[in-house]
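Chain and residue survey
Residues per chain, in single letters:
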Amino acid sequence: MNSDRLNHWLTLGANIGVLAGIIFLVFELQQNTVATQLEAASNFQNTFSEIELFIAGSPEFSELLHKGREGEEIAPANQIRLSVFYGNVLFSWQFIHFQYLSGAMDEDIWIGTQTKWTRIMTNDRGLFDHWQMSKLEFSPAFNELIVSITGKVR
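Quick caveat, the model's predicted, so the values are computed rather than measured.

The subject of this paragraph is the nonpolar core. Grouped together as the largest cluster of nonpolar side chains are 26 residues, with contacts concentrated most on Trp93, Trp117, Met121, Leu127, Trp131 and Phe142. When residues in this core are grouped by element, the largest group, seven residues, is from helix α3 (residues 76-101). Each residue touching tryptophan 93, except ones within four places of it in the same chain, is listed here: Phe48, Trp117, Ile120, Met121, Leu127, Phe142 and Ile146.

A separate point is helix α5 (residues 125-134). The buried fraction of α5 is high, at seven of ten residues. Turning to α5, its buried residues number three or more, namely Gly126, Leu127, Phe128, His130, Trp131, Gln132 and Ser134. Contacts from the buried residues of α5 go to α2 (59-70), α3, α4 (107-123) and α6 (140-150). Here α5 starts with a cap whose side-chain oxygen sits 3.1 Å from the backbone nitrogen of glycine 126, and that cap is aspartate 124.

Relative to the helices and strands, glutamate 73 is located in the loop between α2 and α3. Accessibility expressed as a relative area gives 72% for glutamate 73, which makes it exposed. Sequence separation between glutamate 73 and glutamate 144 is 71 residues; the distance between their C-alpha atoms is 29 Å.

Residues Trp9, Leu12 and Ile16 make up a contiguous nonpolar surface patch of roughly 320 Å² in combined accessible area. Here leucine 12 lies in helix α1 (residues 2-57).

This part covers the packing of aromatic side chains. In the structure shown here, the tally under the stated rule is eleven aromatic pairs. A ring pair is formed by tryptophan 110 and tryptophan 117, whose centres lie 5.3 Å apart and whose planes are at 85°; its orientation type is edge-to-face. Taken together, the aromatic side chains of Phe91, Trp93, Tyr100, Trp110, Trp117, Phe138 and Phe142 make up a single cluster linked through ring pairs.

It is the contact of α3 with α4, at a shortest axis distance of 11 Å, that shows an interaxial angle of 150°. Classed by the angle they form, the pair α3 and α4 counts as roughly antiparallel. For the pair α3 and α4, the crossing hand works out as left-handed. Two secondary-structure elements touch here, α3 through Trp93, Ile96, His97 and Tyr100 and α4 through Glu107, Trp110, Thr113, Trp117, Ile120 and Met121. Looking at side-chain class alone, the contact of α3 with α4 contains seven nonpolar, two polar and one charged residues.

Cut-off values and rules
- Residues numbered from 1 in each chain as written.
- Predicted model: local features only at pLDDT ≥ 70, side-chain atom pairs only at ≥ 80, totals over all residues.
- Heavy atoms only, no water.
- Core = buried A, V, L, I, M, F, W, Y, C linked by side-chain atoms within 4.5 Å.
- Buried < 20%, exposed > 50% of the residue type's maximum accessible area, 1.4 Å probe, protein only.
- Helix = DSSP H or I, 4+ residues; strand = E, 2+ residues; numbered from the N terminus.
- Contact = heavy atoms within 4.5 Å.
- Polar contact = N/O pair within 3.5 Å; in protein donor to acceptor, adjacent residues only side chain to side chain.
- Patch = residues over 30% accessible without salt bridge, like charges linked within 9 Å, V, L, I, M, F, W, Y side chains within 5 Å.
- Areas by Shrake-Rupley, 256 points an atom, 1.4 Å probe, with all protein chains shown as cover.
- Salt bridge = Lys/Arg side-chain N within 4 Å of Asp/Glu carboxyl O.
- Phe/Tyr/Trp six-rings, centres within 6.5 Å; stacked < 30°, edge-to-face > 60°.
- Axes fitted to C-alpha atoms, helices over the stretch in contact; angles between N-to-C directions.
- Parallel < 35°, antiparallel > 145°, perpendicular 65-115°, else oblique.
- Left-handed = near helix turned anticlockwise from the far one by under 90°.
- Nonpolar A, V, L, I, M, F, W, Y, C, P; charged D, E, K, R; others polar.

Read these as layout, nothing more, since geometry by itself doesn't imply function.
Right, here's the structure in full:
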């Protein structure tokens, strides 16, 4: 009888230990999710800062970007520069969108991001035209996002 009682207490202790381990694991996973979201937000901010600082630091490129935004005539060599720039911007955005879809991007940051993208996509004809010409290079989910924020598919 004593051995049954001892086994009962040992089993109870083991079950409590397993439960404590599971609670600790959930806590650790939650902390890891927060750390992942912070890293994603930081990477996003760094990417956007690099793009904006590049534009701000280069009057020549700012003028080229202005021409692209307005749909003005651009020399062939500058068309290549602008196309490479637009492609990098869109691929960066697609990666950020993927991070959001996978849960690595915080919802509040995502809402602000979408607002910024909407403003940029609706004001930059060149960027929209670049996406329109190269949309097969992007994921269907990203393309749906661009259509939803611009309201057009031309």
